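Chain residues, written in single-letter form:
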Amino acid sequence: MKEWMKNVRNVTPYVAGEQPADKNIIKLNTNENPYPPAPAVRELLNGFDTDILRKYPDPDIKDLCAELAAYHGLSSDRVFCGVGSDDVISVAFLTFFAGKKKVLFPDVTYAFYPVWAQLYGIPYEEIPLKEDFRIDAADYRRENGGIIIPNPNAPTSILEGIEFVEDILKHNPSSMVMIDEAYIDFGGKSVLPLLEKYDNLLVIRTFSKSRSMAGMRIGYCMGCKEAIAAMNSIKASINSYTLSQIAISAGVLSVKDDAYFKEQCGRIVKTRDEALKTLAGLGFTGPESAANFVFVKHESLPGDYIFEELKKRRIFVRHWNKPRIADYLRITIGSDEEMKRLYEALNDIIQSERK
Ligand SMILES: *Cc1c(COP(=O)(O)O)cnc(C)c1O
């Protein structure tokens, strides 16, 4: 071991889904949107004046915060923007989870939460989901240093109601409660209205899934103005210039085109609801989804087997070799054409197994 290595921080990093270079692969493994971003975003990039790149971007990201605030009916000082919601959540962990008590989140959830907790030395406890993968609000009536839950949860795709979140808020007035709404635009009801009643709520959103802009890296959160000010202090202590001016402008244009946004989300919801039916016909079961992915297991074939067989047929989905979910696949909703090829491949895998 080299001497300097003794001073290296040890982390077990988050493992993202594969991003294969081969364009012919049907990529249903990272919940990306199959449709293009708003047309105005493309026009912006086609005619972008590169002179803007000489200068630093606006460190306060004012234009995008104002656009999002107006969109959600809030004041600008209640919105925080970051480089994808991963950046937003990371700053939120640093800001609000600085106590000594354990932070709580479900045992089956976004796998990045325990990574940030470990990196920042935040004590945490993973609360087991119920047998049917639901989250029980009563499990969050215990001493804690904060709570984070995605709604809909990932990778289960299950949406909990507003009463569920309100129950948690009521029982935890001294903790920051973060609701990660990465998938809320696919038919779920946001808990945003609760912001008027609870100043310990933080609602987190991303442009990566519903706005087709994973590559641009834009995320944001909304809370009371004291909470947002606290996050801005932490951000300004790490990196003042997070979003590029290109991302800020593209983000504003995406938010402005609400008709396009709603239309694309509607298309995905329709394909998703058909997908659960088609997959049921192929012997798959899984919870009703409120996201842009489904979480399903087959009646006889193991999860890792289907995962590998799909890969051989150049279709990538997501699979975790973890207790309780090892037989499940998380399949992103693609275009109708991509889904058709998925069903054909699954049919082929199931038929060849029967021979
Ligand atoms: C995808 C995802 C994120 C992160 O998205 P960004 O691309 O960093 O905005 C955060 N939380 C959940 C639950 C997600 O699925």
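No experiment lies behind these values; they were computed from the predicted model shown.

With that out of the way, let us pick up the overall build of the protein. Within the protein, the regular secondary structure consists of ten helices and twelve strands. With the principal axes as the frame, the protein shows a C-alpha extent of 65 × 55 × 55 Å. Per-residue burial over the protein gives 52% buried out of 355 residues. Within the protein, contacts between residues at least 6 apart in sequence are counted, and of these 72% link residues at least 24 apart. Roughly 17000 Å² of accessible area belongs to the protein as shown, and the carbon and sulfur atoms make up 51% of that amount. Distance from the positive charge centre (45 side chains) to the negative charge centre (49 side chains) of the protein: 2 Å.

Ranked by size, the top nonpolar core spans 51 residues in total, and within it Leu 64, Cys 81 and Leu 201 carry the most contacts. Here the element with the most residues in this core is helix α7 (residues 245-256); it accounts for five residues. Apart from residues no more than four positions distant in its own chain, Cys 81 is found in contact with Ile 61, Leu 64, Cys 65, Leu 68, Val 88, Gly 219, Tyr 220, Thr 242 and Leu 243. Counting 36 residues, the second largest nonpolar core, distinct from the first, contains Leu 28, Ile 306, Val 317 and Leu 342.

Here we come to the pairing of strand β3 (residues 103-106). Judged from the four bridges that link them, β3 and strand β4 (residues 124-127) form a sheet pairing that is parallel. Within β4, the residue paired with Val 103 across the bridge is Tyr 124. Sheet analysis places β3 next to strand β5 (residues 146-150), joined by two bridges and oriented parallel. Each bridged residue has a counterpart across the sheet, and for Val 103 the counterpart in β5 is Gly 146.

By domain assignment, the protein separates into domain 1 (19-36 + 259-354) and domain 2 (39-256). Measuring from the centre of the C-alpha atoms in domain 1 to the corresponding centre in domain 2 gives 26 Å. Each partner contributes to the interface: domain 1 provides 27 residues, whereas domain 2 provides 27 residues. For the pairing of domain 1 and domain 2, the buried interface totals around 2100 Å² over both sides, and the portion due to carbon and sulfur atoms is 61%. One can count one salt bridge joining domain 1 with domain 2. Its salt-bridge partner being Arg 324, residue Asp 107 comes within 3.2 Å of it at the nearest N-O pair. Where domain 1 meets domain 2, there are nine residue pairs in polar contact (both at pLDDT 80 or more). Contributing elements (two or more residues each) for the side of domain 1 that touches domain 2: α8 (258-281), β10 (293-298) and β12 (328-332). Considering every element that reaches the side of domain 1 that touches domain 2, the biggest residue donor is α8, with seven residues.

In the vicinity of the ligand, the residues found are Gly 84, Ser 85, Asp 86, Ile 89, Tyr 110, Asp 180, Ala 182, Tyr 183, Thr 206, Ser 208, Lys 209 and Arg 217. Between the ligand and the protein, one listed contact pairs an oxygen atom with a side-chain N or O atom of Arg 217 at 2.7 Å. The fraction of the free accessible surface of the ligand (380 Å²) that becomes covered by protein chains is 93%. When atom positions are compared with the pocket grids, the ligand is found to occupy the largest pocket. Here the shell around the ligand gets four residues from one element, more than from any other, and that element is helix α3 (residues 84-96). Classifying every residue of the shell around the ligand gives four nonpolar, four polar and four charged.

It is worth spelling out the environment of Asp 167 at this point. Structurally, the position occupied by Asp 167 is in helix α5 (residues 162-171). Ignoring sequence-local partners within four residues, the contact set of Asp 167 consists of Ala 137 and Arg 141.

Let us now look at the packing of aromatic side chains. Overall, the coordinates contain 17 aromatic pairs when judged by the stated rule. Their ring planes at 70 degrees and their centres at 5.2 Å tell us that Phe 133 and Tyr 328 sit as a pair that is edge-to-face. Here Phe 133, found in the loop between β4 and β5, pairs with Tyr 328, found in strand β12; they are 195 residues apart in sequence, far enough to count as distant. Three or more aromatic residues link up through ring pairs in this structure, and these residues are Tyr 14, Phe 93, Phe 97, Phe 105, Tyr 110, Phe 112, Tyr 113, Trp 116 and Tyr 124. If you follow Arg 211 out to its NZ or CZ, it ends over the ring of Tyr 71, 5.6 Å from the centre.

This brings us to a nonpolar patch on the surface. Judged by side-chain polarity, Met 1, Trp 4, Met 5 and Val 8 come together as a nonpolar surface patch covering roughly 490 Å² of accessible area. Relative to the helices and strands, Met 1 resides in the segment before β1 (26-27). Judged by relative accessible area, Met 1 falls into the exposed class, the value being 79%.

Right, let's get into the side chain of Lys 27. Within the secondary structure, Lys 27 sits in strand β1. Reaching out from Lys 27, the side chain makes a polar contact with the side chain of Gln 19 at a distance of 3.1 Å. Side-chain polar atoms of Lys 27 contact the side chain of Asn 29, separated by 2.9 Å. Contacts of Lys 27, omitting those with residues within four sequence positions, involve Glu 18, Gln 19, Pro 20, Glu 32 and Phe 316.

Calculation criteria
- Residues numbered from 1 in each chain as written.
- Predicted model: local features only at pLDDT ≥ 70, side-chain atom pairs only at ≥ 80, totals over all residues.
- Heavy atoms only, no water.
- Helix = DSSP H or I, 4+ residues; strand = E, 2+ residues; numbered from the N terminus.
- Buried < 20%, exposed > 50% of the residue type's maximum accessible area, 1.4 Å probe, protein only.
- Contact = heavy atoms within 4.5 Å.
- Areas by Shrake-Rupley, 256 points an atom, 1.4 Å probe, with all protein chains shown as cover.
- Lys, Arg positive; Asp, Glu negative; His and termini not counted.
- Charge placed at Lys NZ, Arg CZ, Asp CG, Glu CD.
- Core = buried A, V, L, I, M, F, W, Y, C linked by side-chain atoms within 4.5 Å.
- Pairing = 2+ DSSP bridges.
- Domains from an automatic or database assignment.
- Buried area = accessible area lost by both parts, 1.4 Å probe.
- Salt bridge = Lys/Arg side-chain N within 4 Å of Asp/Glu carboxyl O.
- Polar contact = N/O pair within 3.5 Å; in protein donor to acceptor, adjacent residues only side chain to side chain.
- Near = heavy atom within 4 Å.
- 1 Å grid on protein atoms, 1.4 Å probe; cavity = no way out; pocket = protein on both sides within 12 Å on 5 of 7 lines; lining within 4 Å.
- Sits in = over half its atoms within 2 Å of the grid points.
- Nonpolar A, V, L, I, M, F, W, Y, C, P; charged D, E, K, R; others polar.
- Phe/Tyr/Trp six-rings, centres within 6.5 Å; stacked < 30°, edge-to-face > 60°.
- Lys NZ or Arg CZ within 6 Å of the ring centre and 35° of its normal.
- Patch = residues over 30% accessible without salt bridge, like charges linked within 9 Å, V, L, I, M, F, W, Y side chains within 5 Å.

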